[in-house]
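Here is what each chain is made of, one letter per residue.
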Amino acid sequence: MEENNTPSLTLSKTKEDDNALECNKLEENSQSNNDDLERKHFHRVLNAFKNYKRWALGQLQGALEGVARLPPRHRALLGGHRAHLEALQGAVGHNQHVLDALVRDAQHLFHEAPPGTVGPPSEEREEGEAEKVEGVLRQLFREWSLEGEAERDASFAPILQEIQRRFPQVEGRAGVRVLVPGAGLGRLPYEIARLGYSCQGNEFSLFMLFTSNFVLNKCRAVGGHHVFPWVLPLHNRSRPCHALLPAPFPDVDPSALPPGPAFSMAAGSFLEIYNDQPGAWECVATCFFVDTASNVAEYVDVVWHVLAPGGTWVNLGPLLYHGAKALALSWEELREIIAHKGFTFLREEVGVCTPYAQDPRSMMVHAYRSVFFSCTKPAPKAE
Ligand SMILES: C[S@@+](CC[C@H](N)C(=O)[O-])C[C@H]1O[C@@H](n2cnc3c(N)ncnc32)[C@H](O)[C@@H]1O
């Protein structure tokens with residue numbers, strides 16, 4: 001294994017960081033405010049990881065109290081339900097154990113956490129952040145568990161096939177640079193590097209970055225860890241035992257990459273850290289990403305900017321548009337913008353069935369009918 005194949009998290013400079021060199025006093029103050037906000041956010045995310053157990057046990061406590069309030073004749077009918085809820089408490093404890101290991105490592109990742117600032121868990125629970133930690137457990141299932149393979153086949157396989165179609169060379173593959181914005185826990189960039197291409201994943205969520213750092217840099221043994229992603233919520237189960245099915249991870253050794261291609265994860269916002277990299281990438285691969293934009297046209301601009309002439313953009317995902325105030329374009333409208341920018345469409349398919357972090361045994365099935373496309377930034381015509 002060559003040194004440069006070891007996955008690494010690199011903290012890329014943001015545009016603001018660069019500008020700070022020329023700042024006047026006022027701007028210095030606003031930079032230090034930004035740093036302060038960043039530090040607070042960093043610690044809030046660390047605390048959210050640490051407070052998972054408290055939040056999850058609170059949810060289970062409500063169910064236990066509901067059982068306790070039942071008339072005795074109904075409680076008598078419930079057999080093992082109370083014992084089941086207690087087993088779920090045990091699974092929550094195990095999840096916390098894994099999250100603690102992950103946070104232990106994250107504390108030194110970007111900011112040196114001053115002693116005592118990360119614990120003990122704060123009284124204030126932010127529901128949204130607790131749900132993000134739950135989302136991390138499910139994302140581990142999607143990206144790094146064996147059972148998540150079906151989901152990866154639905155979402156990642158079409159992208160991987162298209163990259164190989166567009167860049168079929170065997171010799172010199174490492175010279176093809178692929179950028180994956182919104183890389184989550186890094187599995188798609190890892191798979192691209194495993195095919196021999198040089199690849200960088202980009203991600204701005206600390207929830208994802210802490211976790212991908214743990215998987216990519218600390219996990220070596222296949223199935224060396226497990227989480228219980230389906231402990232909560234309690235509804236839509238056909239059998240109680242389904243809530244206790246573990247997701248062992250990783251399903252592969254994340255350091256097992258062929259010699260040659262560079263592989264890294266860059267932390268920061270796609271719009272900020274790549275807008276000064278003209279023509280630096282032969283391929284951009286986006287999966288469940290374009291709808292994270294508040295103005296998706298900006299993403300189109302930056303993808304165009306970073307692609308080398310003749311380069312390819314491969315995308316798969318829905319148009320959920322996460323932000324309440326996001327520009328919520330339909331595929332037809334977004335397609336217009338991409339074509340107007342100058343891209344030439346190579347492939348296009350609407351209605352690709354793609355579940356996302358879906359419990360395979362839940363009675364509720366949630367899947368997107370995603371759009372898949374690839375398009376190229378034409379090379380200038382030779383005179
Ligand atoms: C729905 S997830 C998809 C993750 C992964 N690609 C997958 O398919 O499993 C979208 C990811 O994009 C990240 N993201 C959103 N906006 C971003 C931005 N401006 N820069 C970098 N990452 C961003 C989010 O934090 C999130 O992890």
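Predicted model only: the values in this text are computed from it and were never measured.

**Details of the overall build of the protein**
The helix and strand inventory of the protein stands at twelve helices and ten strands. Expressed as a percentage of the 383 residues in the protein, the buried residues total 36%. When contacts within the protein are restricted to residue pairs at least 6 apart in sequence, long-range pairs at least 24 apart make up 79% of them.

**Thoughts on the site of the ligand**
In the vicinity of the ligand there are 20 residues, among which Gly 182, Gly 184, Ser 205, Phe 270 and Thr 292 approach most closely. For the shell around the ligand, the elements supplying multiple residues, two or more each, are helix 6 (127-144), strand 3 (198-203) and helix 10 (270-273). Across the shell around the ligand, the residue classes break down as ten nonpolar, seven polar and three charged.

**Things to note about the packing of helix 7 (residues 149-166) against helix 8 (residues 187-194)**
Contact geometry of helix 7 with helix 8 gives a least axis separation of 11 Å together with a crossing angle of 40°. Our classification of the angle between helix 7 and helix 8 gives oblique. The chirality of how helix 7 crosses helix 8 is right-handed. Residues Arg 152, Phe 156, Ile 159, Leu 160 and Ile 163 of helix 7 touch helix 8, and the partners they reach there are Arg 187, Leu 188, Glu 191 and Ile 192.

**Brief notes about the environment of Arg 138**
Positionally, Arg 138 belongs in helix 6. The sequence separation of Arg 138 and Ala 247 amounts to 109 residues, and the corresponding C-alpha distance is 9.0 Å. When residues no more than four places from it in sequence are discounted, the contact partners of Arg 138 are Pro 229 and Ala 357.

**Thoughts on helix 3 (residues 52-69)**
For helix 3, built from 18 residues, the straight-helix expectation of 26 Å at 1.5 Å per residue is met to within 8% by its first-to-last C-alpha distance of 26 Å. All of the buried residues along helix 3 are Tyr 52, Lys 53, Trp 55 and Ala 56.

**Considering unusual backbone geometry**
In this model, Leu 232 is joined to Pro 233 through a cis peptide bond whose omega is -5°. Among the structural elements, Pro 233 can be located in the loop between strand 4 (225-227) and strand 5 (247-249). With an omega dihedral of -10°, the bond running from Phe 249 to Pro 250 counts as a cis peptide bond. Phi angles above zero are rare outside glycine, and Phe 288 is one such case at about 50°. At Tyr 321, a position not held by glycine, the phi torsion is positive, near 50°. Position of Tyr 321 among the secondary structure elements: in the loop between strand 8 (307-317) and helix 12 (331-341). Looking at Tyr 321, the number of C-beta atoms within 10 Å reads 17, which means it is partly exposed.

**Some remarks on the confidence of the model for the protein**
Averaged over every residue, the pLDDT of the protein is 88; residues scoring 70 or more account for 87%. Contacts of residues 1-6 to residues separated by more than four positions or lying in other chains number seven contacts, the stretch itself having pLDDT below 50. Below pLDDT 50 for its whole length, residues 112-125 participates in 20 contacts with residues either more than four positions away or in separate chains.

**Describing the environment of Leu 209**
Turning to its location among the elements, Leu 209 is positioned in helix 9 (residues 206-218). Residue classification places Leu 209 among the buried residues on the basis of 26 C-beta atoms within 10 Å. Each C-alpha atom, one on Leu 209 and one on Gly 186, is 9.0 Å from the other, the two residues being 23 residues apart in sequence.

**A closer look at the nonpolar core**
The biggest cluster of nonpolar side chains holds 86 residues, and the ones touching the most others in it are Phe 49, Leu 140, Val 178, Ile 192, Val 231, Val 284 and Ala 285. It is helix 5 (residues 81-106) that provides the largest number of residues to this core, a total of eight residues. Those residues in contact with Val 284, other than ones at most four positions away along the chain, are Leu 179, Pro 181, Val 303, Val 306, Leu 307 and Trp 313.

What counts, and where the lines are drawn
- Residues numbered from 1 in each chain as written.
- Predicted model: local features only at pLDDT ≥ 70, side-chain atom pairs only at ≥ 80, totals over all residues.
- Helix = DSSP H or I, 4+ residues; strand = E, 2+ residues; numbered from the N terminus.
- Buried ≥ 20, exposed ≤ 12 C-beta atoms within 10 Å, placed from the backbone.
- Contact = placed C-beta atoms within 7 Å.
- Near = placed C-beta within 6 Å.
- Nonpolar A, V, L, I, M, F, W, Y, C, P; charged D, E, K, R; others polar.
- Axes fitted to C-alpha atoms, helices over the stretch in contact; angles between N-to-C directions.
- Parallel < 35°, antiparallel > 145°, perpendicular 65-115°, else oblique.
- Left-handed = near helix turned anticlockwise from the far one by under 90°.
- Expected span 1.5 Å × (residues − 1).
- pLDDT = per-residue confidence, 0-100.
- Core = buried A, V, L, I, M, F, W, Y, C linked by C-beta atoms within 7 Å.

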